[in-house]
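Inside the fold
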Amino acid sequence: MKNSFPVAPVTGAAWHVMGGRALKTPSPFGVMGIVNLTPDSFYDGGAHHLAPAGLRHALTLLEEGADILDLGAESSRPGAAELSPDEEIRRLIPVLMGLRRKVPWAVISVDTYHAATAAAVLEQGAAIINDISACAFDPALLDVLVQYRPGYVLMHSQGRPETMQHNPQYTDVRREVREFFERNLARLVRAGVPEDRIILDPGIGFGKTLAHNLELLAHPEDWLDMGRPVLMALSMKSVFGGLLSLPPGERGAATVAATALLRARGVFWHRVHQVAAARQGLAVATAFNPGPLPGGPSVE
């Protein structure tokens, strides 16, 4: 298996994670591989929700070139119900501990908004918390972030998964997402979260119509000049269903195309289900753009 930490000769804001380590990738892009440990995933229908299958899938994604593994035990698809922290931890810990034993160098992110879950996984070696709520669903999560100082994904969402797609409305979606990042970056830093731990995710599909999503995707420059790296989580999402009338299982090619286009626009980090295919698209985007692409981590 490859090591995820060679230095890449690109420029831009670095993303630091647990222990203050700056993430560096062997390519001028970064790939976060999705490991769904939910029995009701919108994409794979729960194919990897049991611990042995989840661990095997995570190891496969590393073999395919994932720089980060993002473990999620609670579905955040539109209409999904909340999971208790106890059940979330029960699903996560066996896979997390298995990865720590087999591939101790792996960078592990956990997709959660629960403070108790975040503390439990950080104690077991997770390096990043990927939170869909900006600490709004469980305000105690902010205390965990201040205490442990992991990498943190600050994501925009309008509403909770149960209701977020019930007629989402904006006066100006670009301006409102930008203001959300400005407001919450300032709040997190004031509370004691180091700014270099934070990455921005515009939350495509979270409380947004197809028109809202496309408007945001057409203008990644809105967040790329904020001094923080950007994570794009587009993989297999409903934007491709609305645009192309494709079911989740047939959105792979569209995901690769969008991922490559966004890398060419400066988005460095990409959260995907199909790591090998995404890396191919990102490699093509890199080859077709002479010179260093914008949006990468700085070399220290």
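Since the structure is predicted, the reported quantities are computational estimates derived from the model, not experimental observations. (Residues numbered from 1 in each chain as written. Predicted model: local features only at pLDDT ≥ 70, side-chain atom pairs only at ≥ 80, totals over all residues. Heavy atoms only, no water.)

Concerning the overall build of the chain
The secondary structure content of the chain amounts to ten helices and eight strands. Expressed as a percentage of its 300 residues, the buried residues of the chain come to 55%. A sequence separation of at least 24 residues applies to 72% of the contacts in the chain between residues at least 6 apart. As displayed, the chain offers around 11,600 Å² of accessible surface, 55% of which is attributable to carbon and sulfur atoms. (Helix = DSSP H or I, 4+ residues; strand = E, 2+ residues; numbered from the N terminus. Buried < 20%, exposed > 50% of the residue type's maximum accessible area, 1.4 Å probe, protein only. Contact = heavy atoms within 4.5 Å. Areas by Shrake-Rupley, 256 points an atom, 1.4 Å probe, with all protein chains shown as cover.)

Here we look at a nonpolar patch on the surface
On the surface, Leu 210, Leu 214, Leu 243 and Leu 244 cluster together to form a nonpolar patch covering roughly 310 Å² of accessible area. Elements that contribute at least two residues to the nonpolar patch include exactly helix 6 (210–217) and helix 8 (238–244). Inspection of the secondary structure assignment puts Leu 210 in helix 6. Assessed through its relative accessible area of 30%, Leu 210 is described here as partly exposed. (Patch = residues over 30% accessible without salt bridge, like charges linked within 9 Å, V, L, I, M, F, W, Y side chains within 5 Å. Salt bridge = Lys/Arg side-chain N within 4 Å of Asp/Glu carboxyl O.)

Quick look at unusual backbone geometry
The backbone of Cys 135 sits at a positive phi, close to 65°, despite the residue not being glycine. When you line up the elements, Cys 135 lands in the loop between strand 4 (128–131) and helix 4 (141–148). Of note in this structure, Arg 149 is not a glycine but carries a positive phi near 55°. Counting through the fold element by element, Arg 149 comes out in the loop between helix 4 and strand 5 (151–155).

Some thoughts on the confidence of the model for the chain
One rule of thumb: low pLDDT means the predicted coordinates there are not for detailed reading. Residues at a pLDDT of 70 or more form 86% of the chain, whose mean pLDDT is 89. A low-confidence stretch, residues 1–11 stays under pLDDT 50, and its non-local contacts, those more than four residues away or across chains, total 42 contacts. (pLDDT = per-residue confidence, 0-100.)

A word on the sheet that holds strand 3 (residues 108–111)
Pairing is parallel across the open sheet formed by eight strands, whose spatial order is 6-5-4-3-2-1-8-7. A single partner strand is all that each edge strand has here, and the edge strands are strand 6 (198–201) and strand 7 (231–232). Inspection of the sheet shows strand 7 paired to strand 8 (residues 269–272) by two bridges, in the parallel sense. Among the inter-strand pairings, Leu 231 is bridged to a residue of strand 8, identified as Trp 269. Helix-sheet contacts for helix 10 (residues 275–287) involve strand 1 (30–36) and strand 8, and the interaxial angle to strand 1 is about 160°. (Pairing = 2+ DSSP bridges. Axes fitted to C-alpha atoms, helices over the stretch in contact; angles between N-to-C directions.)

A word on the pairing of strand 1
For strand 1, a buried count of seven out of seven residues is recorded, marking the element as mostly surrounded by other parts of the structure. Sheet analysis places strand 1 next to strand 8, joined by four bridges and oriented parallel. Within strand 8, the residue paired with Gly 33 across the bridge is Val 272. Sheet topology places strand 1 next to strand 2 (residues 68–72); five bridges connect them, and they run parallel. If you follow Val 35 over to strand 2, its bridge partner there is Leu 71.

Focus: the pattern of salt bridges
Evaluation of the coordinates by the stated rule reveals eleven salt bridges. With a shortest N-O distance of 3.4 Å, Asp 111 and Arg 271 are connected by a salt bridge. Placement of the pair is Asp 111 in strand 3 and Arg 271 in strand 8, with a sequence separation of 160 residues. In terms of burial, Asp 111 and Arg 271 fall into one category: buried. Asp 225 serves as the salt-bridge partner of Arg 178, at 2.5 Å between the closest nitrogen and oxygen. Here Arg 178 is found in helix 5 (residues 173–191), whereas its partner Asp 225 is found in the loop between helix 7 (221–224) and strand 7, with 47 residues between them in sequence. Residue class for Asp 225 comes out exposed when judged on its relative accessible area of 53%. Through salt bridges that share partners, Asp 70, Asp 111 and Arg 271 make up one connected network.

Describing the packing of helix 9 (residues 252–264) against helix 10
The angle between the axes and the distance between the axes are what describe a pair of packed helices. Put simply, helix 9 and helix 10 touch, their axes get as near as 8 Å, and they point 35° apart. Where helix 9 crosses over helix 10, the handedness of that crossing is right-handed. Contacts between helix 9 and helix 10 pair Val 256, Thr 259, Ala 260 and Arg 263 from the former with Ala 277, Ala 278, Gly 281, Leu 282 and Ala 285 from the latter. A class-by-class count of the residues in the contact of helix 9 with helix 10 yields six nonpolar, two polar and one charged. (Left-handed = near helix turned anticlockwise from the far one by under 90°. Nonpolar A, V, L, I, M, F, W, Y, C, P; charged D, E, K, R; others polar.)

Points about the side chain of Thr 255
With respect to the secondary-structure elements, Thr 255 resides in helix 9. Leave out the neighbours within four places in its chain, and Thr 255 touches Leu 234, Ser 235, Met 236 and Phe 240.

Here's the deal with the nonpolar core
Core analysis: the largest hydrophobic core is formed by 65 residues, its most contacted members being Leu 71, Leu 99, Leu 154, Leu 188, Leu 200, Trp 223 and Leu 234. If you tally residues by element for this core, the top one is helix 5, at six residues. For Leu 188, the contacting residues outside a window of four places in its chain are Cys 135, Leu 142, Leu 145, Tyr 152, Leu 154, Val 193 and Ile 198. Membership of the second largest hydrophobic core comes to 13 residues, among which are Met 32, Ala 127, Val 153 and Phe 268. (Core = buried A, V, L, I, M, F, W, Y, C linked by side-chain atoms within 4.5 Å.)

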